[in-house]
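As a plain string of letters, each chain reads:
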Amino acid sequence: MRRPMVAGNWKMHGTRASVAELTNGLRHLALPSGVDVAVFPPCLYINQVVDALKGKSISVGAQNSAVESMQGALTGEIAPSQLVDAGCSLVLIGHSERRQIMGEQDKMLIRKFAAAQACGLIPVLCVGETLEQREAGKTLEVVGRQLGSIIEDLGVGAFAKAVIAYEPVWAIGTGLTASPQQAQDVHAAIRAQLAAENSEVARGVRLLYGGSVKAANAAELFGMPDIDGGLIGGASLNADEFGAICRAAGN
Ligand SMILES: O=C(CO)COP(=O)(O)O
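Starting afresh in each chain, residues are numbered from 1 along the sequence in its written order. Reporting of local features is limited, given that this is a predicted model, to residues whose pLDDT is at least 70; pairs of side-chain atoms are given and counted only at 80 or more, and all residues count toward the totals for whole chains, interfaces and linings. Only hydrogens and water are set aside when side-chain values are computed; all heavy atoms of the structure are taken into account.

Comments concerning the overall build of the chain
So, step 1. Helix and strand assignments come from DSSP, with helices taken as H or I runs of at least 4 residues and strands as E runs of at least 2, each series counted from the N terminus. Along the backbone of the chain there are eleven helices and eight strands.
So, step 2. All radius of gyration figures rest on C-alpha atoms, and the globule criterion is 2.2 Å times the number of residues raised to 0.38. The C-alpha atoms of the chain give a radius of gyration of 17 Å, which matches the 18 Å a tight globule of 251 residues would have.
So, step 3. Referenced to the eigenvectors of the C-alpha coordinate spread, the extents of the chain come out at roughly 45 × 45 × 35 Å.
So, step 4. Contact definition: two residues touch when any of their heavy atoms are within 4.5 Å. At a minimum sequence separation of 6, the contacts of the chain that also span at least 24 residues come to 71%.
So, step 5. In the chain, the 21 positive side-chain charges and the 24 negative ones have mean positions that sit 5 Å from each other. Positive: Lys, Arg. Negative: Asp, Glu. His and the chain ends are not part of the count. Charge positions come from single atoms, namely NZ of Lys, CZ of Arg, CG of Asp or CD of Glu.

Set out below in structure tokens:
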């Protein structure tokens with residue numbers, strides 16, 4: 001059985017004051033014991049969040065990390081080793097906003113993924129198609145290529161210690177959620193792609209769904225056989241809503 005995971009991606013939101021308020025809310029949540037819960041604050045607030053959540057079983061991750069593992073001359077970047085030093089255990093790799101707005105491509109993401117793993121961070125590889133690609137019937141091709149580039153370079157074994165998040169770009173921040181069946185179909189294809197290389201890795205890897213997940217639709221999505229939890233954007237900025245989503249994964 002895969003242990004469900006619910007992760008909150010705070011994106012570029014927050015101030016010291018709002019982060020204090022949100023972490024205070026998180027500290028008081030009744031979280032289900034069978035679910036791994038994580039938050040991904042902006043880098044600037046990671047120290048604050050790690051301190052505020054001390055003693056709580058909520059992991060902290062970063063939204064991005066450098067192509068090199070160790071500190072060095074790379075202006076503006078944060079090394080995976082520095083994230084570990086700050087108390088992070090996870091990092092998002094290839095979120096669609098970074099692919100689309102920052103121009104991150106598969107070649108760079110392979111390096112980021114490998115650099116993160118070399119430091120013991122768990123990469124959460126984000127994949128997903130645009131609306132145009134879905135309408136052209138290219139969803140599985142696009143997602144398959146994004147996943148395949150990591151498998152080809154690093155081997156399927158890299159996913160023994162990684163998480164995958166399927167986030168259709170058209171469902172992010174739009175209020176449009178993939179239907180449970182639409183999401184399940186892509187998750188099943190992702191697992192099948194991994195299984196073609198190594199069935200044990202495929203069975204064990206957690207596949208999260210992301211894109212307008214809320215307390216109201218979480219249970220239905222998480223009830224699908226290949227959906228092992230969620231990567232939550234907007235709804236993770238409200239502690240009570242986030243707590244309700246975490247509980248939906250625990251049922
Ligand atoms: O991009 C997402 C999480 O990484 C999803 O964002 P929303 O939940 O705001 O749609």
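Regarding the pairing of strand 3 (residues 58-62)
For a regular strand, side chains alternate in direction, first toward one face of the sheet and then toward the other.
So, step 1. Summary of the burial criterion: residues with accessible area below 20% of their type's maximum are buried, those above 50% are exposed, and those between are partly exposed, where the area comes from a 1.4 Å probe applied to protein chains only. Most of strand 3 is tucked away: four of the five residues are buried.
So, step 2. Note: strand 2 (residues 36-40) against strand 3, three bridges, orientation parallel. When the bridges of strand 3 are listed, Val39 appears paired with Val60.
So, step 3. A crossover gets the label right-handed when its path from the first strand over the helix to the second runs clockwise, viewed with the strands pointing away from the viewer. Viewed along the sheet, the connection from strand 2 through helix 2 (residues 46-52) into strand 3 turns out right-handed.
So, step 4. Pairing between strands is defined by DSSP: at least two bridges between the two strands are required. Bridge count between strand 3 and strand 4 (residues 90-93): two bridges; the pairing is parallel. Residue pairing in the sheet places Ala62 in a bridge with Val91 of strand 4.
So, step 5. Each parallel crossover has a hand, and the one from strand 3 via helix 3 (residues 80-86) to strand 4 is right-handed.

Describing the site of the ligand
So, step 1. Proximity criterion: a residue is near a molecule or strand once any of its heavy atoms comes within 4 Å of it. In the vicinity of the ligand, the contacting residues are Asn9, Lys11, His95, Glu167, Ala171, Ile172, Gly173, Gly211, Ser212, Leu231, Gly233 and Gly234.
So, step 2. Under this definition, polar contacts are N or O atom pairs within 3.5 Å; protein pairs additionally need one hydrogen-donor-capable and one acceptor-capable atom, and for neighbouring residues in sequence, both atoms have to be side-chain atoms. Between an oxygen atom of the ligand and a main-chain N or O atom of Ser212, the distance comes to 2.8 Å.
So, step 3. The separation between an oxygen atom of the ligand and a polar main-chain atom of Gly233 is 2.9 Å.
So, step 4. Per-residue and other accessible areas follow the Shrake-Rupley method at a 1.4 Å probe size, with only the shown protein chains counted as cover for residues. Across the complex, the protein chains shield 95% of the 310 Å² of accessible surface that the ligand would expose by itself.
So, step 5. Each residue is assigned to one of three groups, with Ala, Val, Leu, Ile, Met, Phe, Trp, Tyr, Cys and Pro labelled nonpolar, Asp, Glu, Lys and Arg labelled charged, and all others, Gly among them, labelled polar. Class assignment for the residues of the shell around the ligand results in three nonpolar, seven polar and two charged.

So, the pattern of salt bridges
So, step 1. What makes a salt bridge here is a side-chain nitrogen of Lys or Arg within 4 Å of a carboxyl oxygen of Asp or Glu, nothing more. The tally for this structure, following the rule as stated, stands at 13 salt bridges.
So, step 2. A salt bridge links Glu97 to Lys11; the shortest N-O distance between them is 2.8 Å. On the criterion of sequence distance, the pair formed by Glu97 in helix 4 (residues 96-100) and Lys11 in the loop between strand 1 (5-9) and helix 1 (16-27) is long-range, its members being 86 residues apart.
So, step 3. Exposure remark for Glu97: the relative accessible area of 27% places this residue in the partly exposed category.
So, step 4. Take Lys11: its relative accessible area is 19%, and that puts it in the buried class.
So, step 5. Linking Asp106 and Arg99 is a salt bridge whose minimum nitrogen-to-oxygen distance equals 3.0 Å.
So, step 6. Judged by its relative accessible area of 22%, Asp106 falls in the partly exposed class.
So, step 7. One salt-bridge network, in which partners are shared between bridges, spans Arg2, Arg191, Asp226 and Asp228.

Section: the nonpolar core
So, step 1. We define a nonpolar core as any set of buried Ala, Val, Leu, Ile, Met, Phe, Trp, Tyr and Cys residues linked to one another through side-chain atoms lying within 4.5 Å. If you look at the biggest cluster of nonpolar residues, it comprises 64 residues, and the most contacted ones within it are Leu26, Phe159, Ile190, Leu194 and Phe222.
So, step 2. The contact partners of Leu194, leaving out residues within four places of it in the chain, are Leu147, Ile151, Val156, Phe159, Ile164, Ala202 and Val205.
So, step 3. Among the nonpolar cores identified, the runner-up in size contains twelve residues, and Met5, Leu92, Cys126 and Val163 belong to it.

A few points about the confidence of the model for the chain
So, step 1. Of the residues in the chain, 100% reach a pLDDT of 70 or more, and the chain-wide mean stands at 97.
So, step 2. Reported confidences for the modelled complex are a pTM of 0.98 and an ipTM of 0.99. The score called pLDDT rates the predictor's confidence residue by residue, from a low of 0 to a high of 100.

Digging into unusual backbone geometry
Excluding glycine, most residues fall at negative phi; most peptide bonds, likewise, are trans.
So, step 1. Of note, Lys11 is a non-glycine position whose phi angle comes to about 50°, a positive value.
So, step 2. Its identity is not glycine, yet Ser212 carries a phi of approximately 60°, on the positive side.
So, step 3. Within the secondary structure, Ser212 is located in the loop between strand 7 (206-210) and helix 10 (215-222).
So, step 4. Residue classification places Ser212 among the buried residues on the basis of a relative accessible area of 14%.

Concerning the state of the cysteines
Two cysteines joined by a covalent bond between their sulfur atoms form a disulfide.
So, step 1. Note on disulfides: each one is a pair of cysteine sulfur atoms within 2.5 Å. Tallied over the entire structure, the rule returns zero disulfides.
So, step 2. Of all cysteine sulfurs in the structure, the one in Cys43 sits closest to Cys88, which takes part in no disulfide; the separation is 6.9 Å.
So, step 3. Its relative accessible area of 6% is what places Cys88 among the buried residues.
So, step 4. With no disulfide partner, Cys119 has as its closest neighbouring cysteine sulfur the one in Cys88, 12 Å distant.

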